Structures are given as structure tokens and as C-alpha cells.
Amino acid sequence: MAVNTQTTSADRLYGLGGSFLPLAKFGSTVWAGAKAAVNALQMARMLSTLSNMDDNQLRQIGISRSEIPQYAATLMAKT
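These lines cover the structure that appears in this document, whether it is placed above or below. Computed from a predicted structure; not experimentally measured.

Conventions adopted
Residues numbered from 1 in each chain as written. Predicted model: local features only at pLDDT ≥ 70, side-chain atom pairs only at ≥ 80, totals over all residues. Heavy atoms only, no water. Buried < 20%, exposed > 50% of the residue type's maximum accessible area, 1.4 Å probe, protein only. Helix = DSSP H or I, 4+ residues; strand = E, 2+ residues; numbered from the N terminus. Arc of directions from axis to C-beta. Salt bridge = Lys/Arg side-chain N within 4 Å of Asp/Glu carboxyl O. Core = buried A, V, L, I, M, F, W, Y, C linked by side-chain atoms within 4.5 Å. Contact = heavy atoms within 4.5 Å.

**Examining helix α3 (residues 68-77)**
Of the positions making up α3, those classed as buried are I68, A72 and M76. Taken end-on, α3 shows its buried residues confined to a sector of 70°, consistent with a single buried face. Among the exposed residues of α3, those pointing more than 90 degrees away from its buried face are Q70 and A77.

**Some remarks on the pattern of salt bridges**
Under the criterion given, the structure shown has 1 salt bridge. A salt bridge links D55 to R65, with the nearest nitrogen and oxygen atoms 3.0 Å apart. Of the two residues, D55 is situated in helix α2 (residues 55-61) and R65 in the loop between α2 and α3; the sequence distance between them amounts to 10 residues.

**Quick word on the nonpolar core**
Formed by L50, L58, I63, I68 and A72, the largest nonpolar core amounts to 5 residues. Discounting chain neighbours no more than four positions away, the residues touching I68 are L47, L50, S51, L58 and I63.

Function cannot be read off these values alone, since they describe shape.
What follows is the structure in C-alpha cells.
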């Protein structure tokens, strides 16, 4: 019985690729969740740091206390 090695190899590769697809999707979902968690942590730390500054320090960087959330969001958008 003759075997076509090109077809057999392609079929094997396709079969392996198909079985790894759900794992790849899961990995990208986990990665996106981890990235979102890191961003949330960075935002919380930035808000905390800015909130702990006194009014004079905030004035030196050009913001008021009420502008802290907007300023932090602007900084996060640049990263």
C-alpha cells in the first residue's frame, strides 16, 4: 500500500494545530486578564501616591487634589 507522505504530514500538522487552538485562546484570555489586573494595580498605586502628596507638592506638578483621578488616567493612557 502506497502512502503519500506529504498528505500525511499535512494532515498531522493540521490535527495538531486544531487541538492547540483552544489552548491558545485560553492563553490569550489569561494574558488579557493578567494585563488588566496589572493596569488596575498600577492605577491604584498611582492614585494612592498622588493622594498622599500634600497640596504644595500637587501644585508643583500642576494639578489640584480634585484633578488626581483625571491626571492619573492621563498618565496611564501614555504607557
